[in-house]
Amino acid sequence: MSQEKHFETLAVRTQSETTQFSEHSVPLYLTSGFVFDDAEEMRASFAEEKQRDLYSRYSNPNVNEFVEKVCLMEGAESGYAFASGMAAVFSTFATLLDAGDHVVSCSSVFGATHGLFTKYFPKWNIECSYFNINETETIESLIKPNTKFLYAETPTNPGVDVIDLDFLSTICKKHNILLVIDNCFATPYLQNPIKHGADIVIHSATKLMDGQGRVLGGVAVGKKELIREIYLFSRLTGPAMSPFNAWVLSKSLETLAVRTEKHCENALKIAEFLESHPKVKWVKYPFLKSHPQYEIAKKQMRLGGSIVAFEVEGGVEGGRSFFDNIKMCSLSANLGDTRTIVTHPASTTHAKVEPEVKAAVGITDGSVRISAGLEHIDDIIADLKQALG
Ligand SMILES: Cc1ncc(COP(=O)(O)O)c(C=O)c1O
């Protein structure tokens with residue numbers, strides 16, 4: 001399908017080849033392996049003289065379709081799909097980094113990614129330096145001769161801070177290092193980091209790409225030669241996405257644009273409601289004028305995303321009473337679901353992050369993260385209102 005087609009059309013019309021049954025909807029290729037006509041075809045296929053599926057740890061028609069869609073949505077040359085977002089993050093890191101390398105990362109990253117930096121990087125002699133998202137002028141001074149890449153999430157999890165992608169890519173180009181962006185909170189519908197100069201873009205497909213809280217998945221897309229290395233690492237180590245999950249996720253991508261529009265509309269209304277509530281200490285949402293990086297968000301994002309961060313007055317007790325009084329919304333650690341989810345990052349997704357790091361990135365004991373769902377906005381707000389008392 002040509003590149004000129006619109007996002008929604010690519011999402012719906014990018015499909016695996018039709019089989020002899022002329023099916024309209026893509027079938028599920030639940031097969032671990034593929035067969036060859038003869039010894040020569042088998043040899044040529046494994047020697048990569050022939051492009052075809054060999055074994056589902058390497059590739060599979062459902063996975064290929066999902067990856068192709070994400071590449072078209074992100075404007076990427078190539079991609080590889082993983083069993084989870086963390087498999088995508090880890091496999092990208094493990095491929096790009098050698099012992100003795102250094103990484104510069106935004107300090108506010110997903111808790112498990114932070115855990116990789118602090119718990120496992122040191123044992124492989126890989127060093128990481130962090131920059132505060134509100135002090136981007138410090139980034140350049142952190143770069144060393146052995147820095148391999150700069151890593152950031154935007155918007156960040158859970159604080160929904162935003163960082164200027166053009167600014168990051170200018171720094172990376174100047175110092176000849178790679179730019180790796182976790183684009184999970186934005187989705188490819190709202191933001192395309194590659195168009196701003198990123199080399200690799202990672203997603204947890206578990207979130208809005210699935211959108212219905214059913215399957216885990218991850219994907220890394222970007223420059224062909226880099227993805228080739230990630231593919232070679234992954235076909236040896238086995239973090240591949242299952243064909244079933246790829247089939248579910250590819251179907252979900254067909255509705256990503258319409259779903260995301262509605263999630264963002266509800267999230268903005270929730271943010272506006274919270275901003276006017278006397279029991280709310282602060283609210284952050286990229287498309288609220290009060291967001292510190294509002295102008296940057298407007299420049300690089302189509303809409304503000306589905307996540308709202310805020311703090312209830314009254315510290316730990318205030319937060320606890322809010323969560324205990326929630327009636328309809330779900331208390332869960334996931335996000336990007338049809339159901340509105342309220343999360344307490346300090347005790348769940350970021351529980352293992354050191355207290356001083358949590359404080360530095362604004363995760364207080366009373367911080368709440370809301371993933372706006374697709375219920376009627378009046379019902380969501382009614383629940384939040386009664387929970388706030
Ligand atoms: C920004 C971000 N990156 C990566 C991940 C990891 O994704 P997964 O749970 O699919 O492994 C998450 C999960 O919440 C996330 O929010």
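Everything below is about the structure shown above.
Residues numbered from 1 in each chain as written. Predicted model: local features only at pLDDT ≥ 70, side-chain atom pairs only at ≥ 80, totals over all residues. Heavy atoms only, no water.

1. Some remarks on the site of the ligand
With respect to spatial proximity, 13 residues lie near the ligand, and among them Gly 85, Met 86, Asp 182, Ser 204 and Thr 206 are the closest. Here an oxygen atom of the ligand and a side-chain polar atom of Asn 157 are 2.9 Å apart. One of the side-chain nitrogen or oxygen atoms of Ser 204 is found 2.8 Å away from an oxygen atom of the ligand. Cavity membership is defined here by more than half of the atoms lying within 2 Å of grid points; on that basis the ligand lies in the second largest pocket. In the shell around the ligand, the residues fall into 4 nonpolar, 6 polar and 3 charged. (Near = heavy atom within 4 Å. Polar contact = N/O pair within 3.5 Å; in protein donor to acceptor, adjacent residues only side chain to side chain. 1 Å grid on protein atoms, 1.4 Å probe; cavity = no way out; pocket = protein on both sides within 12 Å on 5 of 7 lines; lining within 4 Å. Sits in = over half its atoms within 2 Å of the grid points. Nonpolar A, V, L, I, M, F, W, Y, C, P; charged D, E, K, R; others polar.)

2. What about the packing of aromatic side chains?
Counting across every chain of the model gives 17 aromatic pairs. Relative to Phe 82, the ring of Tyr 80 lies with its centre 5.0 Å away and its plane at 70 degrees, an arrangement referred to as edge-to-face. For Tyr 80, a relative accessible area of 6% translates into the label buried. Classification of Phe 82 as buried rests on a relative accessible area of 0%. Ring geometry for Phe 93 versus Phe 117: centroids 5.5 Å apart, planes at 20 degrees, classification stacked. Linking Phe 93 in helix α4 (residues 85–96) with Phe 117 in helix α5 (residues 111–120), this pair joins segments that are 24 residues apart in sequence. As far as the burial class goes, Phe 93 and Phe 117 line up, both buried. Each member of the aromatic cluster is reached from another via a ring pair, and the members are Phe 93, Phe 117, Phe 121, Tyr 130, Phe 149 and Tyr 151. When the ring centre of Tyr 58 is taken as origin, the NZ or CZ atom of Arg 235, which lies over that ring, is 4.0 Å away. (Phe/Tyr/Trp six-rings, centres within 6.5 Å; stacked < 30°, edge-to-face > 60°. Buried < 20%, exposed > 50% of the residue type's maximum accessible area, 1.4 Å probe, protein only. Helix = DSSP H or I, 4+ residues; strand = E, 2+ residues; numbered from the N terminus. Lys NZ or Arg CZ within 6 Å of the ring centre and 35° of its normal.)

3. Description of the nonpolar core
Residues Phe 66, Leu 274, Phe 310, Phe 322 and Leu 384 are the most contacted members of the largest nonpolar core, which totals 104 residues. With 8 residues, helix α11 (residues 256–275) is the single largest residue contributor to this core. Those residues in contact with Phe 322 that sit more than four places away from it in its chain are Phe 310, Val 312, Val 342, Val 368, Leu 384, Ala 387 and Leu 388. (Core = buried A, V, L, I, M, F, W, Y, C linked by side-chain atoms within 4.5 Å. Contact = heavy atoms within 4.5 Å.)

4. Overview of the sheet that holds strand β11 (residues 341–343)
Pairing is mixed across the open sheet formed by 5 strands, whose spatial order is β8-β9-β12-β11-β10. If you trace the sheet from one side to the other, it starts and ends with β8 (280–284) and β10 (330–331), each paired once. Strand direction decides the pairing type here: β8 and strand β9 (residues 307–312), joined by 4 bridges, are antiparallel. Bridged to Val 280 within β9 is Val 312. Each of β8, β9 and β12 (367–371) is contacted by α11, which is oriented at about 15 degrees to β9, the strand it contacts most. Its contacts with the sheet place helix α13 (residues 315–325) against β9, β10, β11 and β12, and it is angled at close to 125 degrees to β9. (Pairing = 2+ DSSP bridges. Axes fitted to C-alpha atoms, helices over the stretch in contact; angles between N-to-C directions.)

5. Things to note about the layout of surface pockets
The probe, sized like a water molecule, is rolled over the atoms to show the empty space still left. If you add up the space inside the largest pocket, you get close to 1000 Å³. In this structure, the largest pocket is lined by 31 residues; those nearest its centre are Gln 51, Arg 52, Asp 53, Ser 59 and Asn 64. Elements supplying a minimum of two residues to the lining of the largest pocket: α3 (61–74), β1 (78–82) and α9 (224–237). When residues in the lining of the largest pocket are grouped by element, the largest group, 7 residues, is from α3. Of the residues belonging to the lining of the largest pocket, the class tally is 11 nonpolar, 10 polar and 10 charged. (Points joined across faces, edges and corners; volume = space filled by probe spheres on them.)

6. Let's talk about the pattern of salt bridges
Here the structure, examined in full by the defined rule, presents 21 salt bridges. Between Glu 48 and Arg 228 there is a salt bridge; the shortest N-O distance is 2.9 Å. Note that Glu 48 is positioned in the loop between α2 (39–46) and α3 and Arg 228 in helix α9, a separation of 180 residues in sequence. On the basis of relative accessible area, Glu 48 is assigned to the partly exposed category, the value being 34%. Among the ionic pairs, Glu 311 bridges to Lys 281, the shortest N-O distance being 3.7 Å. Here Lys 281 lies in strand β8 and Glu 311 lies in strand β9, a separation of 30 residues in the sequence. The buried category is assigned to Glu 311, whose relative accessible area is 5%. (Salt bridge = Lys/Arg side-chain N within 4 Å of Asp/Glu carboxyl O.)

7. Remarks on a nonpolar patch on the surface
Where nonpolar side chains cluster on the molecular surface, the patch consists of Leu 28, Leu 30 and Phe 244 and spans about 280 Å² of accessible area. Topologically, Leu 28 is positioned in the loop between α1 (7–13) and α2. The class for Leu 28 is partly exposed, based on a relative accessible area of 32%. (Patch = residues over 30% accessible without salt bridge, like charges linked within 9 Å, V, L, I, M, F, W, Y side chains within 5 Å. Areas by Shrake-Rupley, 256 points an atom, 1.4 Å probe, with all protein chains shown as cover.)

8. With respect to unusual backbone geometry
Omega for the bond connecting Thr 154 with Pro 155 falls within 30 degrees of zero, at -10 degrees, which places this linkage in the cis form. Its place among the elements puts Pro 155 in the loop between β4 (147–153) and α7 (165–175). Residues Asn 157 and Pro 158 are joined by a peptide bond in cis, for which omega reads 5 degrees. Looking at the secondary structure, you find Pro 158 in the loop between β4 and α7. With a phi angle near 55 degrees, Ser 22 is a residue other than glycine that sits in the positive phi range. For Ser 22, the location among the structural elements is in the loop between α1 and α2. Residue classification places Ser 22 among the exposed residues on the basis of a relative accessible area of 58%. Here Glu 48, not a glycine, exhibits a phi torsion of approximately 60 degrees, which is positive.

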